[in-house]
Structures are given as structure tokens and as C-alpha cells.
Amino acid sequence: MPNSESYVEVAKIDEIPPGKMKHVELDGKDIVVCNLNSKFYAMDDRCGHMNALLSMGNISNDGVVTCPFHGARFDVTTGKKVKEPVLTPSQQMEPLPKTWQNYMEHVGQLMSHIKTYDQKTYEVQVEGNRIKIRA
Ligand code: FES
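Each chain has its residues counted from 1, running along the sequence as written. Restriction of local features to residues with pLDDT of at least 70 applies here, the model being predicted, together with a cutoff of 80 or more for giving and counting side-chain atom pairs; totals for whole chains, interfaces and linings are based on all residues. Hydrogen atoms and water are omitted, and side-chain values are computed over all heavy atoms in the structure.

Draft legend 1. Spatial organisation of the pattern of salt bridges. Any Lys or Arg side-chain nitrogen located within 4 Å of an Asp or Glu carboxyl oxygen qualifies as a salt bridge. Enumeration according to the criterion identifies 9 salt bridges in this entry. A salt bridge links Glu 9 to Lys 12, with the nearest nitrogen and oxygen atoms 2.7 Å apart. The exposure class of Glu 9 is partly exposed, given its relative accessible area of 33%. Glu 127 serves as the salt-bridge partner of Lys 132, at 3.1 Å between the closest nitrogen and oxygen. Only protein chains enter the accessibility calculation, which uses a 1.4 Å probe. A residue is then buried if its area is under 20% of the maximum for its type, exposed if over 50%, and partly exposed in between.

Draft legend 2. Here's a closer look at the sheet that holds strand E4 (residues 39–44). By this definition, two strands are paired if DSSP reports at least two bridges between them. Labels follow the DSSP assignment, with helices taken as runs of H or I lasting at least four residues and strands as runs of E lasting at least two, numbered in each case from the N terminus. Ordered by their spatial adjacency, 4 strands build an open sheet running E2-E3-E4-E9, and the pairing between neighbours is antiparallel. The strands lining the two open edges of the sheet, one partner per strand, are strand E2 (21–26) and strand E9 (121–122). Taken together, the 6 bridges between strand E3 (residues 29–36) and E4 define a ladder with antiparallel strand orientation. By the bridge assignment, Cys 34 is partnered in E4 with Tyr 41.

The structure is reproduced here in C-alpha cells:
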């Protein structure tokens with residue numbers, strides 16, 4: 001059982017309104033703290049695909065964080081990947097010139113070999129208006 005000394009304050013409650021995320025750093029690690037219906041969760045902020053900051057993406061009402069780079073999705077309550085990255089241009093985009101289509105296809109093929117990992121999660125404790133993460 002961890003004692004309260006192993007938890008480190010990373011933010012105040014009013015810094016992260018419901019439905020919002022905040023990037024924090026703890027012991028050199030990038031961590032995103034999320035407010036899901038007034039309950040706080042924390043996981044690695046570096047995407048398990050290609051290291052983008054998840055805190056620059058968005059979070060849904062049911063706690064799914066979408067990466068701003070290629071759209072991989074992670075459940076903030078468990079850190080589990082719930083959707084693979086999108087590696088091809090959207091059908092809704094204007095058609096790209098042929099050279100760009102070839103380039104995007106090549107990049108998509110290269111990226112298809114990159115495994116996307118689940119996110120590490122962290123225990124969160126709230127004391128008064130302070131949000132703490134287990135170090
Ligand atoms: S870096 Fe997050 S989906 Fe590619």
C-alpha cells in the first residue's frame with residue numbers, strides 16, 4: 001500500500017475542468033492528467049505510436065483520448081489502445097496530386113510496421129484542491 005509521501009502534487013483541481021486535459025511532468029516523464037466527470041486519471045502523455053503529445057489531442061465524454069497525429073485512441077481509465085492510428089488520407093480530403101498520393105502511400109506502408117502500444121497509467125489521489133500522482 002503506497003503511503004501519501006509517494007504521491008507528488010502535479011496540478012490544482014481548478015486547472016483541469018471536466019472534459020479537459022493537462023500536460024504535466026514528473027521525474028522527467030510526460031504525463032497527461034484528465035478530468036473525466038470530475039474524476040481524475042493520468043497516463044503517459046507520449047503516444048504509444050510515434051510519441052505525439054496526447055494532451056494536444058482531445059478527450060471524449062466517455063474518456064477516450066484521440067492522438068492529434070494519426071488518430072490512435074486510448075481509454076484514459078485503463079491506458080488501453082481502443083483504436084489503431086489512421087495511416088491513409090481521409091476520403092473527405094480533396095484529391096492529392098499523384099506524386100503526393102504515392103508519397104502518402106509509401107509513408108502509410110512504412111508506418112503500418114510501427115506497433116502502437118497501450119499507455120502506462122498512474123495512480124491519482126486528490127487531496128483538497130490538489131491533484132497528486134504516485135511517483
Ligand atoms: S503519434 Fe499518435 S497516432 Fe501516431
